[in-house]
Amino acid sequence: MIILGIETSCDETAAAVLLKDQNGIQILSNVVASSASLQAKYGGIIPEQAAREQIKSIIPVIQEAIENCKLKIENLDAISVTYGPGLIGSLLVGVETAKVLAKIWNKPLIPVNHLLGHFYANWISSVIPSISEESQDLNLEIASSPLAPRNDVPKFPCLGLLVSGGHTDLVLFKDHNKYEYLGGTRDDAAGECFDKCARLLGLPYPGGPEISKLATKGDALKFKLPVPMLDSKDFDFSFSGLKTAVANLISTSEVSAGLQQDHTPEVLQNLAASIEETIIISLVEKVARAAQKYNIDQIIVAGGVAANLKLKQALKKKAEAFSRVLHIPPPELCTDNGAMIASAGFFTKLIKNPLNLQADPNLSLS
Ligand code: KG4
Ligand code: ZN
């Protein structure tokens, strides 16, 4: 089965074509256009501008995704699209485009919750680099592909941690589309905390990768920040207090003097290291406790913050110590992309009448 996945929930316009066969789920093409650098000029996302960029990019991105895998429209079995949550203007561009394409190409349309979509990046086995132009016979091409079947896709039950720019959620998956919501952030999401702290430090948007880069040379022990909700018995998170603690720290004369000296980035690096480490401790501790409480040995992590190398290392260390199996997608499949939406499409019900699909900016997991 072959699915075209379309993702436009925020500032990325993305489309991908994925194949599911006996070798698992494979990426045939994956195209992402981001307006993040444009948004960076303003220190964050301006929804109207993000939507305008979506309109400019959506058709070329879909066209490129289909052309890159050298398939014909007839080869597509279905279209899956993010219908929420996200920015309404951005969502509408993807949803309305997908509805029209489903109608004119006569394909089933599969509505995907963006948050569940992130988790499905963990079910993608591999990438087929390119399908030769001469071979339009897809079955032949795939049969001769050297890909080995993948054994390490997640198994149920599994514990899911979603850490993105808008969401931080802990979910217990019993099966596809069957999950129990364990907890989530009470205020800012982990990615939002990275972005807001970065802004306080004068770093560009998106802040996560910027803080992470600086942190590699910093010493997290130089600044002690409070780890939010570490002692609470639930599986909730809170990150807005951390942002306030960073703001307070920056306003002290010693730190502000250090930050103003162009030749002394040390303070910046140390602050970045502390912020990153504090967020990571909070996430890793709650995941470990949930895995123990529910006796779950498979952990799946998803969302833009999962691209963070130190988070991955810390989760891996913890998982190994407790004999848990950890699944984290490669960084390019952690941030928003169409491949995860196509992957989720293989496990999600189609909508009977594509024209009835409505974007839902407030969709959640809870
Ligand atoms: O999943 P995503 O691409 O979009 C949403 O659905 O929100 O996540 C974007 C978030 C941003 O807050 C960004 O700062 C964060 O992911 N992020 C990172 C890293 N890469 C992206 N945070 C920490 N470390 C990273 N390497
Ligand atoms: Zn996302």
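Residues numbered from 1 in each chain as written. Chains lettered and ligands numbered in written order. Predicted model: local features only at pLDDT ≥ 70, side-chain atom pairs only at ≥ 80, totals over all residues. Heavy atoms only, no water.

A few words now on the site of ligand 1. In the vicinity of ligand 1 lie 20 residues, with Gly-165, Asp-195, Gly-208, Gly-304 and Asn-308 positioned nearest. Contact between ligand 1 and Gly-304: an oxygen atom at 2.9 Å from a main-chain N or O atom of the residue. Residue Asp-336 places a main-chain N or O atom 3.0 Å away from an oxygen atom belonging to ligand 1. If ligand 1 stood free it would expose 550 Å²; the protein chains cover 88% of that surface. Of all the cavities here, the one that holds ligand 1 is the largest pocket. Across the shell around ligand 1, the residue classes tally to six nonpolar, 12 polar and two charged. Inspection of the shell around ligand 1 shows a minimum of three residues originating in each of domain 1 (2–153 + 331–356) and domain 2 (158–295). (Near = heavy atom within 4 Å. Polar contact = N/O pair within 3.5 Å; in protein donor to acceptor, adjacent residues only side chain to side chain. Areas by Shrake-Rupley, 256 points an atom, 1.4 Å probe, with all protein chains shown as cover. 1 Å grid on protein atoms, 1.4 Å probe; cavity = no way out; pocket = protein on both sides within 12 Å on 5 of 7 lines; lining within 4 Å. Sits in = over half its atoms within 2 Å of the grid points. Nonpolar A, V, L, I, M, F, W, Y, C, P; charged D, E, K, R; others polar. Domains from an automatic or database assignment.)

Bringing the packing of helix H8 (residues 240–251) against helix H9 (residues 253–260) into the picture now. Where H8 contacts H9, the axes come no closer than 5 Å and their chain directions differ by 80°. Taken as axis vectors, H8 and H9 run roughly perpendicular relative to one another. Touching Leu-249, Ile-250 and Ser-251 of H8 are Ser-253, Val-255, Ser-256 and Leu-259, all from H9. Residues that form the contact of H8 with H9 fall into these classes: four nonpolar, three polar and no charged. (Axes fitted to C-alpha atoms, helices over the stretch in contact; angles between N-to-C directions. Helix = DSSP H or I, 4+ residues; strand = E, 2+ residues; numbered from the N terminus. Parallel < 35°, antiparallel > 145°, perpendicular 65-115°, else oblique. Contact = heavy atoms within 4.5 Å.)

Donor atoms from the polypeptide that bind the zinc ion (ligand 2) are His-114 (NE2), His-118 (NE2) and Asp-336 (OD), placed at 2.0 to 2.1 Å. For the zinc ion (ligand 2), the four donor atoms in the first shell make angles of 95 to 136° at the metal, so the coordination geometry reads as irregular. Look at where the donors of the zinc ion (ligand 2) fall in the sequence and you get H-x3-H-x217-D. Here His-114 is found in helix H4 (residues 114–120), whereas its partner Asp-336 is found in the loop between helix H12 (331–334) and helix H13 (338–345), with 222 residues between them in sequence. Note on accessibility: His-114 and Asp-336 belong to one class, buried. (Donors = N, O, S within 2.8 Å, 3.2 Å for Na, K, Ca; no water. Tetrahedral: all angles 85-135°; square planar, octahedral: opposite > 155°, others 65-115°. Buried < 20%, exposed > 50% of the residue type's maximum accessible area, 1.4 Å probe, protein only.)

Put simply, an interface is often sized by how much accessible area is lost when its parts join up. In terms of domains, the chain is made up of domain 1 (2–153 + 331–356) and domain 2 (158–295). Between domain 1 and domain 2, the contact holds 17 residues from the first and 15 residues from the second. Taken together, the two surfaces of domain 1 and domain 2 that pack against each other cover about 1,300 Å², and 70% of this comes from carbon and sulfur. Joining domain 1 to domain 2, the criterion identifies zero salt bridges. On the surface where domain 1 and domain 2 come into contact, there are two residue pairs in polar contact (both at pLDDT 80 or more). Secondary-structure elements contributing two or more residues to the side of domain 1 that touches domain 2 are helix H1 (36–40) and H4. (Buried area = accessible area lost by both parts, 1.4 Å probe. Salt bridge = Lys/Arg side-chain N within 4 Å of Asp/Glu carboxyl O.)

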